[in-house]
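# What the coordinates show
Read off the chains here:
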Amino acid sequence: MEKLVKVRGMTFGEGAPKICVPLVGETLGQLKEEAAFLQTLDADVAEWRADFYEGVEDIEKVTEALSEIRGLLKETPLIFTFRSAREGGEKDVSPEYYFSLNETVIKTGLADLIDIELFHDERAVKAAVEAAHANEVAVIISNHDFEKTPAIEEMISRLKKAQELGADLPKIAVMPETPADVLRLLEATYTMHEQYAKRPIITMSMAGKGVVSRLAGEVFGSAMTFGAAKKVSAPGQIAAGELKRMIGVLHDHL
């Protein structure tokens, strides 16, 4: 890995994995409560999972809510994410609306990072990356498989593709059926990190069996992990404070 990613004084790609806490409120009131509560936690990054928000199909409501969240989070780095239902999110929208929404958020300057899903039209993904970088917004290009854990070569291929498309932080999350699946995810992470990564990567194995992958990122090469505040946004997330303590123990012994 060659390139570190710095956002609001937070450096991805060195030291212990950064802990991201998602905001999953359905209403603006809930989101404001979550954002205020997040400030009491020892989290490094916040992610607004906008697909949970009841007003997400109204771009004006999204930008208004984003402004409120940004004000409450102060200097905490913020990721904007609309997760499609096909990748484990709460709803689907048209590709046209998906990219229009993300482009609008990028131009507000209120989000520090934007999550773009890998399996969209390649030209549209590249255009979103270019728009983000033109507005000094970092890009996560992500893929989530809630059905299975692909072969090691396939997971590496997806991470490499995200990197080729311009991701500052390529990401993959997969679902394990057996402990061997978790080992495959960890091997793919280590191989990508050691042999192909030109920037930090984010990987995880979900659900209970995959919890170890959320803790051991510093060992295998994942730069960020996700913990929960009041409500999880994906299977296997554990409380942010508990996650911070466990990652700290590992970090102190490396």
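Look up: the structure comes first, before these words.
Remember, it's a predicted structure, so these values are computed and weren't measured experimentally. (Residues numbered from 1 in each chain as written. Predicted model: local features only at pLDDT ≥ 70, side-chain atom pairs only at ≥ 80, totals over all residues. Heavy atoms only, no water.)

### A closer look at helix H3 (residues 95–108)
- Here H3 is 14 residues long and its end C-alpha atoms lie 20 Å apart, about the 20 Å a rise of 1.5 Å per residue gives.
- All of the buried residues along H3 are Tyr97, Tyr98, Phe99, Leu101, Asn102, Val105 and Ile106.
- In this structure, the buried residues of H3 make contact with helix H2 (59–73), strand S5 (78–81), strand S6 (113–117) and helix H4 (122–134).
- Phi turns positive, to about 75°, at Gly109, one or two residues after H3. (Helix = DSSP H or I, 4+ residues; strand = E, 2+ residues; numbered from the N terminus. Expected span 1.5 Å × (residues − 1). Buried < 20%, exposed > 50% of the residue type's maximum accessible area, 1.4 Å probe, protein only. Contact = heavy atoms within 4.5 Å.)

### Quick look at the sheet that holds strand S9 (residues 202–205)
- A sheet is described by the order of its strands in space; here eight strands give the open sequence S9-S8-S7-S6-S5-S4-S3-S10, paired in parallel fashion. On the outer flanks of this sheet lie S9 and strand S10 (224–226), each paired with one strand and no other. Strand after strand, the sheet turns through a mean of 25° between neighbouring axes, direction not considered.
- Here S5 runs beside S6; their pairing, made up of three bridges, is parallel. Each bridged residue has a counterpart across the sheet, and for Thr81 the counterpart in S6 is Asp115.
- Strand contacts of helix H5 (residues 152–164): strand S7 (138–145), strand S8 (169–174) and S9, with the helix running at about 150° to S8, the strand carrying the most contacts.
- Seen against the sheet, helix H9 (residues 240–252) touches strand S3 (18–23) and S10 and runs at an angle of roughly 170° to S3. (Pairing = 2+ DSSP bridges. Axes fitted to C-alpha atoms, helices over the stretch in contact; angles between N-to-C directions.)

### Focus on the pairing of strand S4 (residues 45–49)
- For S4, the tally of buried residues reaches five of five residues, placing the bulk of the element in the interior.
- Here S4 shows a buried face lined by Val45, Glu47 and Arg49 and a second buried face lined by Ala46 and Trp48.
- Where S3 and S4 come together, four bridges link them in parallel fashion. Pairing of Leu23 across the sheet is with Trp48, part of S4.
- Each parallel crossover has a hand, and the one from S3 via helix H1 (residues 28–38) to S4 is right-handed.
- Two strands pair when backbone bridges link them, and S4 and S5 are joined in this way by four bridges, in the parallel orientation. Bridge pairing in S5 links Ala46 to Leu78.
- Between the parallel pair S4 and S5, the chain is carried across by H2, and the sense of this crossover is right-handed. (Right-handed = clockwise from strand over helix to strand, strands pointing away.)

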